[in-house]
Amino acid sequence: MVSRVIPVDDFDLVIFGGTGDLAHRKILPGLYRRFLAGQFPDTARIIGAARTKQDDAAFREEVRGAVVKFGGVPEGDENLTAFLNLIGYVAIDASGEDGWQDLKSRMRSGVIHAFYFSVAPSLFGDIAQRLAGYGIADADSRIVVEKPFGRDLTTARELNATLARHFVEEQIYRIDHYLGKETVQNLMAVRFANILFEPLWNAQYVDHVQITVAETVGVAGRGSYYDRSGAIRDMVQNHLMQLLCLIAMEPPYHFDPNAVRDEKLKVIRALEPVGPDDIVRGQYQAGGEGAAYVTDAENPDSRTESYVAMKVRIANWRWQGAPFYLRTGKKLRARTSEIAITFKEPPHSIFDDGVPRANQLVIRLQPNEGMNLKVMIKEPGPGGMRLVQVPLDMTFAEALGNDGADVPDAYERLIMDVIRGNQTLFMRGDEVEAAWAWTDPIIEAWETGKTRPEPYDAGSSGPEEALRLLHRDNRRWREIRA
Ligand code: BG6
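Parameters at a glance
Residues numbered from 1 in each chain as written. Predicted model: local features only at pLDDT ≥ 70, side-chain atom pairs only at ≥ 80, totals over all residues. Heavy atoms only, no water. Helix = DSSP H or I, 4+ residues; strand = E, 2+ residues; numbered from the N terminus. Buried < 20%, exposed > 50% of the residue type's maximum accessible area, 1.4 Å probe, protein only. Near = heavy atom within 4 Å. Polar contact = N/O pair within 3.5 Å; in protein donor to acceptor, adjacent residues only side chain to side chain. Areas by Shrake-Rupley, 256 points an atom, 1.4 Å probe, with all protein chains shown as cover. Nonpolar A, V, L, I, M, F, W, Y, C, P; charged D, E, K, R; others polar. Pairing = 2+ DSSP bridges. Axes fitted to C-alpha atoms, helices over the stretch in contact; angles between N-to-C directions. 1 Å grid on protein atoms, 1.4 Å probe; cavity = no way out; pocket = protein on both sides within 12 Å on 5 of 7 lines; lining within 4 Å. Points joined across faces, edges and corners; volume = space filled by probe spheres on them.

Trainee: So what's going on with the side chain of Glu 215? Residues and values would help.
Mentor: The topology assignment puts Glu 215 in the loop between strand E7 (206-214) and helix H8 (223-226). Here Glu 215 falls in the buried class, since its relative accessible area comes to 18%.

So this is what it looks like as structure tokens:
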């Protein structure tokens, strides 16, 4: 099987915050890989824009360093030099007037213009206003905004309104990088390109769904951001919510941006409020080699959660009675993201062995992307009819050869989608607002209750209370393992 690269049209991409961490770690190495793949013309321009005063040559060296360090590229790589020729730099004051005329003079006409806001959200309004005011952005331009998109419904609405003063919704690309992950897109392929699963994809046949995003990293180095967010704002309101939507949504009439996003929005609106008994929040304490959250966050009194587990009910015909259990946390025992759909047992057993036989479909998002379907078979050999559950295991890298292993990073895919003008994998403004409307009461209850998160040991599977959340429903979490 040969990877197909569909080239995009010529573009000028301006990265505000071009000297920042995200640009260095993800955006620039990602662009380099797309360049290597031949996905964009070698006339394309990538312009870093930031406060630091430096010239094109100095920024190119900075980009070289970032691509070598974070893209795993050898120092003397010849293609890298060709890539650096596409790079320019403008020193700019996002909330003042310096640099904007210079930027304007760099933009070519007749090519796509994209502006990546890889800066603090407090600067979004200033940048949007100047792009419009200086006549740099036109009706075909696109802007890309990073999370966090607000910290509650009110601030998200304000941000949407600020951007809407200068850009229409079709120009705004709100990134949730989980949507750019290959296996996350695969959720839609599995559901909507196979007849096998969809007839069973409802509360009549599904017992429950578990969504797990477990990380081994802590928050050291980004404590000042994280301590104001916590797992609910950092992961649940966006990444886990998007996964839930893709599993729970109705089939869209077409794989088209608004058709897909309409269906996701309906799911978010159908989420029941989560009461205090249905949610557990945790905070890691020192364990094994790992320091405690309060040490990593440099805030000894912090009540911020680094772990959340919750039971979510979706009030619609498809899902009434089949709960979704979500959990995510830092410094857990393994890095693993997966979605497990546990089906109900057959209504009547003709075998007298008492072996439980609930099928389970596990979609592993990372690492070892793949799918695993647990089915019952007869244990081979004589001695009567003994049943055993075996996995039908498909690791995509094995099934697809190199094409399965060589998956583009989420950012690569998403940036190319921006240039293509395809918003399917980006969040619409109303989706983001609906997600906040659902998480706000949870956060408010924690804040007014002044409760402390449950402690769990760094390197463990999370707090004990999270186990009880499922035990009381006679269910168990899947083990967290790589
Ligand atoms: C980011 C969060 O959005 O996603 C981080 O801010 C988290 O806290 C990261 O670590 C996880 O992304 P991935 O791609 O490593 O699963």
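Trainee: Can you tell me about the site of the ligand, naming the residues and giving the values?
Mentor: Within the structure, the ligand sits among Lys 147, His 177, Tyr 178, Lys 181, Glu 215, Arg 222, Asp 234, Met 235, His 239, Lys 330, Arg 335 and Gln 366. Within the side chain of Arg 222, one N or O atom sits 2.7 Å away from an oxygen atom of the ligand. One nitrogen or oxygen atom from the side chain of Asp 234 is found 2.6 Å from an oxygen atom belonging to the ligand. Burial of the ligand by the protein chains amounts to 80% of its free accessible area of 400 Å². It is helix H9 (residues 230-248) that contributes the most residues to the shell around the ligand, three residues altogether. Residue classes in the shell around the ligand are distributed as two nonpolar, three polar and seven charged.

Trainee: Give a detailed account of the sheet that holds strand E4 (residues 112-117), specifying residues and quantitative values.
Mentor: The six strands lie next to each other as E3-E2-E1-E4-E5-E6, forming an open sheet whose pairing is parallel. Single-partner strands in this sheet number two, and they are strand E3 (87-91) and strand E6 (172-174). When the angles between neighbouring strand axes are averaged without regard to direction, this sheet yields 20°. Two strands pair when backbone bridges link them, and E4 and strand E5 (residues 142-145) are joined in this way by four bridges, in the parallel orientation. Note on E5: the bridge partner recorded for Tyr 116 is Val 144.

Trainee: Give a description of empty space enclosed by the protein that names residues and reports values.
Mentor: All chains considered together, the criterion is met by one cavity of 30 Å³ or more. In this structure, the largest cavity encloses a volume near 50 Å³. Of all the secondary-structure elements, those providing two or more residues to the lining of the largest cavity are H9 and helix H15 (429-449). Partitioned by chemical class, the residues of the lining of the largest cavity number five nonpolar, three polar and one charged.

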